[in-house]
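# Structural overview for review
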Amino acid sequence: MGKLIVIEGLDGCGKSTQIERLPEVLSAKGLSSKIISFPDYKDPSSTLVRMYLGGEFGDKPDAVNAYAASLFYAVDRYASYKRHWADYYNDGGVVISGRYVESNAYHQMAKLPESEWEKYLDWLYETEYEKTAIPKPDLVIFLDMPLEVASAMMSGRYCGDESKRDIHEKDKQYLAACRKAAKFAAKRCGWTVISCAENGAPRTIEAISEDIAACVLNAVK
């Protein structure tokens, strides 16, 4: 059995950059690794996710309820595991995942009243980790970036073309709810939270990488 490291965070926090740096960190310690990411946009398994994010079921995130949307993502994860990385993981490999089950724990849970958050988390974890039986992470890192900083970074990513944002990225009120939900889930589920900003500005890529590397190396040793 291998190790599964999950990197989470709202859009604009720098997940992709940090994930790309991790294989080199692990290689320096003599460890190979495999990067996966969700949704798997290149695979047919993500069709419903792409339709949802593209607004085909409605132009607001809550046009699809938390439980239905969660199942769209669950199917994509299950298909990816069975087809693309189960053998590598089961043979002892280190898998680094950009987003995983935990993304639903804030993107979808944020649609629900706070009084229902614990019930939803119990349902989510039972559905994916017990019923469909995909691997549980050995470490979940949530990269926390203030929304105003993340939004500026996304604008840079899209070169100012706001039409490129999906229905999640366009809804600032929804993103604020997601960040609140993520902090709740992190505390309840034992995630590691790493701050990506200081004094209203992004921390350096190198500083964040050092924090992530320390956590990951401790988890895989």
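Scroll up a little and you will see the structure.
First, a word on scope: everything that follows refers to the structure included in this document.

Scoring rules and cut-offs
- Residues numbered from 1 in each chain as written.
- Predicted model: local features only at pLDDT ≥ 70, side-chain atom pairs only at ≥ 80, totals over all residues.
- Heavy atoms only, no water.
- Helix = DSSP H or I, 4+ residues; strand = E, 2+ residues; numbered from the N terminus.
- Expected span 1.5 Å × (residues − 1).
- Contact = heavy atoms within 4.5 Å.

Below, the discussion takes up unusual backbone geometry. Cis peptide bonds are those with omega within 30 degrees of zero, and the linkage from F38 to P39 qualifies with -5 degrees. In this structure, P39 sits in the loop between β2 (33-37) and α2 (47-53). Not every positive phi belongs to a glycine, and A133 is a case in point at roughly 65 degrees. Within the secondary structure layout, A133 lies in the loop between α5 (117-131) and β4 (139-144). The backbone of N199 sits at a positive phi, close to 55 degrees, despite the residue not being glycine.

The terminal C-alpha atoms of α5 lie 20 Å apart, and with 15 residues this matches the ideal 21 Å at 1.5 Å per residue to within 8%. Those residues of α5 hidden inside the fold are in contact with α3 (66-90), α4 (101-107) and α8 (172-189). Once α5 finishes, A133 follows within two positions and takes phi at roughly 65 degrees, a positive value.

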